[in-house]
Amino acid sequence: MLLTVVGCAGSVPGPDSAGSCYLVEQDGHSVLLDLGTGAAGPLQRHCDPAALDAVLISHAHADHCADLSSVAYLRQRVGAAPLDVYGPANLRDELNWRHPAPQFAFHELPSGPLRSGPLEVAVAPVEHGIEAYAFRVGDALCYSGDTAPCEALDKLAQGCEVLLAEGAGFDDTGVPRHLTAGDAGRLAARSGARLLVLTHLRSWLDHGRLLDEAARYAGCPVILAQPGLRLRI
Ligand SMILES: [Zn+2]
């Protein structure tokens, strides 16, 4: 499985990164985890949007789903089939409102484990103040989405190889309904992950300090997500 970070900025795009978007590829099959603000641009560096097999949306905040419209446009102009989108129920209304024509085949989460080609994805509801999910792709990869620390995420992350988790702020100030970098580190330690990739990096925060805080607890190597980062898992 190949993981490519397309965008990893939290809340709004930063000068060097679009919002959350992660490309997962296996055996010629390609799926996106989230498609946040601005991600449709750099996505074209890494794959043909018309060839995408599915998009999984963790929750309906713009920094995780805003560029569905742009990808739909890129696909429509070359006559690609409606895009399979898996997401929370409230995303359906938004897509229907913006796209009266059938540019998406919408599948409501949670629907138990879902399969897209060779990829089996487990889904867990998490705590973000609106309907939100975390994803586990195969045994290897767990993606937190946005969430406060919670039991469902702990369970989903158990034994994963790579934990892709948000570090939306620092322990001393806290961030309501999000993981701090310290939370991400402690989650990595509890789950036994072999690598923590810290993401949802807000452009105005000191990313080096986020890395230090996560590394203090993680018990495994920690790296910062950055656009174009590719990991073979
Ligand atoms: Zn959010």
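Procedures and definitions
Residues numbered from 1 in each chain as written. Predicted model: local features only at pLDDT ≥ 70, side-chain atom pairs only at ≥ 80, totals over all residues. Heavy atoms only, no water. Helix = DSSP H or I, 4+ residues; strand = E, 2+ residues; numbered from the N terminus. Rg over C-alpha atoms; globule rule 2.2 N^0.38 Å. Buried < 20%, exposed > 50% of the residue type's maximum accessible area, 1.4 Å probe, protein only. Contact = heavy atoms within 4.5 Å. Areas by Shrake-Rupley, 256 points an atom, 1.4 Å probe, with all protein chains shown as cover. Lys, Arg positive; Asp, Glu negative; His and termini not counted. Charge placed at Lys NZ, Arg CZ, Asp CG, Glu CD. Donors = N, O, S within 2.8 Å, 3.2 Å for Na, K, Ca; no water. Tetrahedral: all angles 85-135°; square planar, octahedral: opposite > 155°, others 65-115°. Pairing = 2+ DSSP bridges. Axes fitted to C-alpha atoms, helices over the stretch in contact; angles between N-to-C directions. 1 Å grid on protein atoms, 1.4 Å probe; cavity = no way out; pocket = protein on both sides within 12 Å on 5 of 7 lines; lining within 4 Å. Points joined across faces, edges and corners; volume = space filled by probe spheres on them. Nonpolar A, V, L, I, M, F, W, Y, C, P; charged D, E, K, R; others polar.

A count of helical and extended segments in the protein chain gives seven helices and 14 strands. In terms of overall dimensions, the protein chain is globule-like: its C-alpha atoms have a radius of gyration of 16 Å, near the 17 Å expected for 233 residues. In terms of overall dimensions, the protein chain has a C-alpha envelope of 50 × 35 × 30 Å along the principal axes. Out of the 233 residues in the protein chain, the part that is buried amounts to 55%. Within the protein chain, contacts between residues separated by at least 24 positions form 55% of all contacts whose residues are at least 6 apart in sequence. Surface accessibility of the protein chain: about 9500 Å² in total, with carbon and sulfur atoms responsible for 50%. For the protein chain, the centre of its 17 positive side-chain charges and the centre of its 27 negative side-chain charges are spaced 3 Å apart.

For the zinc ion, the full set of protein donor atoms is His59 (NE2), His61 (ND1), His128 (NE2) and Asp146 (OD), at a range of 2.2 to 2.4 Å. In this structure, the zinc ion is surrounded by four donor atoms whose angles at the metal cover 90 to 173°, and the resulting shape is irregular.

With mixed pairing, seven strands are arranged side by side in an open sheet as S7-S8-S9-S10-S11-S12-S13. Two strands lie at the open edges of the sheet, namely strand S7 (114-116) and strand S13 (222-224), each paired on one side alone. Strand after strand, the sheet turns through a mean of 25° between neighbouring axes, direction not considered. Here helix H6 (residues 181-191) sits on the sheet and contacts strand S11 (162-166) and strand S12 (195-199); the angle it forms with S11, its principal contact strand, is near 155°. Helix H7 (residues 207-218) contacts S12 and S13 of the sheet and is inclined by roughly 160° relative to S13.

One number sums up the size of the largest pocket: a volume of about 180 Å³. If you go around the largest pocket, you meet 13 residues; those closest to its centre are Cys8, Asp16, Ser17, Leu201 and His207. A per-class count over the lining of the largest pocket returns seven nonpolar, five polar and one charged.

With that settled, consider unusual backbone geometry. The peptide bond linking leucine 109 to proline 110 adopts the cis configuration, its omega dihedral lying at -5°. Despite not being glycine, arginine 177 has its phi angle at roughly 65°, a positive value.

Let's shift gears to the sheet that holds strand S6 (residues 104-108). Pairing is mixed in the open sheet, where seven strands are placed in the order S6-S5-S4-S3-S2-S1-S14. Two strands bound the open sheet, and with one partner strand each, they are S6 and strand S14 (230-232). The sheet shows a mean angle of 20° between the axes of neighbouring strands, direction not considered. Relative to strand S5 (residues 83-87), strand S4 (residues 54-56) runs parallel, the two sharing two bridges. Note that in S5 the partner of valine 55 across the bridge is valine 85. In the packing of helix H3 (residues 68-76) onto the sheet, contacts are made with S4, S5 and S6, and the angle to S5 comes to roughly 165°.

So far we have only geometry, and geometry alone does not tell us how the molecule works.
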